[in-house]
Amino acid sequence: MIYLDNSATTKPHKEVLNTFIQVNESFYANPSSIHEAGVEANTLLDRARGQIADLLHTKGQFVLFTAGGTESNNFAIFGIPKANTHKGKHIITTEIEHPSIIEAVKSLQNEGYEVDFLKVDENGVISLQELRAKIRKETVLVSIMHVNNEMGAIQPIEEAAKIIHENSRAAFHVDAVQSFGKLPIFFNGEAGPDIITISGHKIHGIKGSGIIAFRKKMNIIPLFFGGGQEQGLRSGTVAVPLAVATAKAARIANDNMEQSAQKYRKWHNDLLEFLAEFGENIHLLSKNTGAAHILSFSVKDLKGEILINALQKRGIIVSTSSACSSKQKKTSHVVEALNILSNFKKGVIRLSFGSFNTDEDILEFKKAFTDVMKELKGDKNQ
């Protein structure tokens, strides 16, 4: 099997799995307990927290461990506005955010919050002019994803941060689930985000692990209430093995980022050239200006499910779009936002690369896709 669906989830590194098992075996005590075993577990937890903080250029006290990207995003979307209603009830996000952002802000709309959705161009990138026009003194939160999970568009985070911080008191949240470990993303004072969210299983970590981090102390209310763990912001016994394994995965991703980026860019460009050979049968959603590890395109007059099944028969695993919503029958909101022609909307498939992929995988995909197109569409340019 050739696995090219790493933006949906990744295979954990062996080192990460070994770390997870070792911590479960040796440091299984509750880190909130005051006995020696609890203190040892808490020391390990603090070390993992500090390692994440170093990578993001913040302090350990501003890093919280969660159950994944969805929880982390929900934490930001609900926690900041509800704690800062004295500043206003206006939120800005984009049309192409992950459902964990879109559905959360829609929920807040039902509670009386006003939400502006920034449009994107044909490359999937927001307009900074529109952001500047929409932001106002009542804006309490701006949430813009760094890399789009369906087609890889990279948003101008630094420029957006400057506009937000110069023109409002709003907190700036960046969903970095698809960018952490692939592109540089960290806190850089007023020139960067205020909140970053990360998912462990997107970086060859373990499912059920995530991070929400802040660049400074912020006014935020918790989603969960109970024993007051994680500085009172996320009650519940902290999963030390998951936290330590996530820190391990994050360090590996950061250490290998430059080398991986070069490899992914080579594959991305090679496949763009390859797909161009199919002429008008292919519409490229991903551009060479987007993230290198994601390549999304559509085949004219074909459903994505048909393409996926045909490739799967040949041992190639890809996806239609976001794994979180790919089982739904309606067209992706990201595809709708890009305004592509109607006869391409149903045929979107996404390739996404990870650490275990090789040059041979890309070659095998090209062979398999050529066969599929001959089978389903005839010759390349027909």
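Residues numbered from 1 in each chain as written. Predicted model: local features only at pLDDT ≥ 70, side-chain atom pairs only at ≥ 80, totals over all residues. Heavy atoms only, no water.

### Topic: the nonpolar core
What tends to happen in soluble globular proteins is that the nonpolar side chains get buried as a cluster.
Next, step 1: Judged by nonpolar contacts, the single largest core of 60 residues is most densely connected at V142 and F172.
Next, step 2: For this core, the element with the highest residue contribution is helix α7 (residues 240–255), accounting for 10 residues.
Next, step 3: In this structure V142 touches I92, L131, I135, I164, A170, A171, F172 and H173, once residues within four positions along its chain are discounted. (Core = buried A, V, L, I, M, F, W, Y, C linked by side-chain atoms within 4.5 Å. Buried < 20%, exposed > 50% of the residue type's maximum accessible area, 1.4 Å probe, protein only. Helix = DSSP H or I, 4+ residues; strand = E, 2+ residues; numbered from the N terminus. Contact = heavy atoms within 4.5 Å.)

### A look at helix α3 (residues 69–83)
Next, step 1: In a regular helix each residue adds 1.5 Å, so 15 residues correspond to 21 Å; α3 covers 21 Å between its end C-alpha atoms and thus fits that length.
Next, step 2: Taking burial as the measure, the 15 residues of α3 include 12 buried ones, the bulk of the element.
Next, step 3: Every buried residue of α3 is accounted for by G69, E71, S72, N73, F75, A76, I77, F78, G79, I80, P81 and A83. (Expected span 1.5 Å × (residues − 1).)

### Quick word on the packing of helix α8 (residues 257–276) against helix α11 (residues 359–377)
Next, step 1: At their nearest, the axes of α8 and α11 sit 11 Å apart, and the two run at 15° to each other. For the element pair α8 / α11, the angle class is roughly parallel. Classified by chirality, the crossing of α11 by α8 is right-handed. Contact residues: α8 offers K266, W267, D270, L271, F274 and L275, while α11 offers D359, I362, F365, K366, F369 and T370.
Next, step 2: Looking at the contact of α8 with α11, its residues break down into 7 nonpolar, 1 polar and 4 charged. (Axes fitted to C-alpha atoms, helices over the stretch in contact; angles between N-to-C directions. Parallel < 35°, antiparallel > 145°, perpendicular 65-115°, else oblique. Left-handed = near helix turned anticlockwise from the far one by under 90°. Nonpolar A, V, L, I, M, F, W, Y, C, P; charged D, E, K, R; others polar.)

### Notes on the side chain of E150
Next, step 1: Examined against the element boundaries, E150 turns out to sit in the loop between β5 (139–143) and α6 (157–167).
Next, step 2: A polar contact is formed between the side chain of E150 and the side chain of S332, at a distance of 2.5 Å. (Polar contact = N/O pair within 3.5 Å; in protein donor to acceptor, adjacent residues only side chain to side chain.)

### Some details on the sheet that holds strand β2 (residues 63–66)
Next, step 1: Pairing in this open sheet of 7 strands is mixed, and the strands run β2-β8-β7-β6-β5-β3-β4 from one edge to the other. Of all strands in the sheet, those with a lone pairing partner are β2 and β4 (114–118), marking the two edges. Between one strand and the next, the sheet's axes are offset by a mean angle of 20°, whatever the strand orientation.
Next, step 2: As defined by bridge partners, strand β3 (residues 90–94) adjoins β4 across 5 bridges and the pair is classed as parallel. Within β4, the residue paired with T94 across the bridge is L118.
Next, step 3: Helix α2 (residues 36–56) contacts β2, β7 (195–199) and β8 (210–214) of the sheet and is inclined by roughly 115° relative to β2. (Pairing = 2+ DSSP bridges.)

### Here we look at the environment of L56
Next, step 1: Looking at where L56 falls in the secondary structure, it is placed in helix α2.
Next, step 2: On a C-alpha basis, the gap between L56 and I92 in space is 24 Å, while along the polypeptide they are 36 residues apart.
Next, step 3: Beyond its immediate stretch of four places on either side in the chain, L56 contacts F180, I185, F186, F187, I196, I198 and A213.

### Here's the deal with the sheet that holds strand β10 (residues 294–299)
Next, step 1: On the basis of which strands lie adjacent, the open sheet formed by 3 strands has the order β9-β10-β12 and antiparallel pairing. The open sheet terminates on both sides in strands that have one partner only, identified here as β9 (282–284) and β12 (348–352). If you compare each strand with its neighbour and ignore which way they point, the axes differ by 30° on average.
Next, step 2: In the sheet, β10 pairs with β12 via 5 bridges, with the strands oriented antiparallel. Paired with S296 across the strands is R350, a residue of β12.

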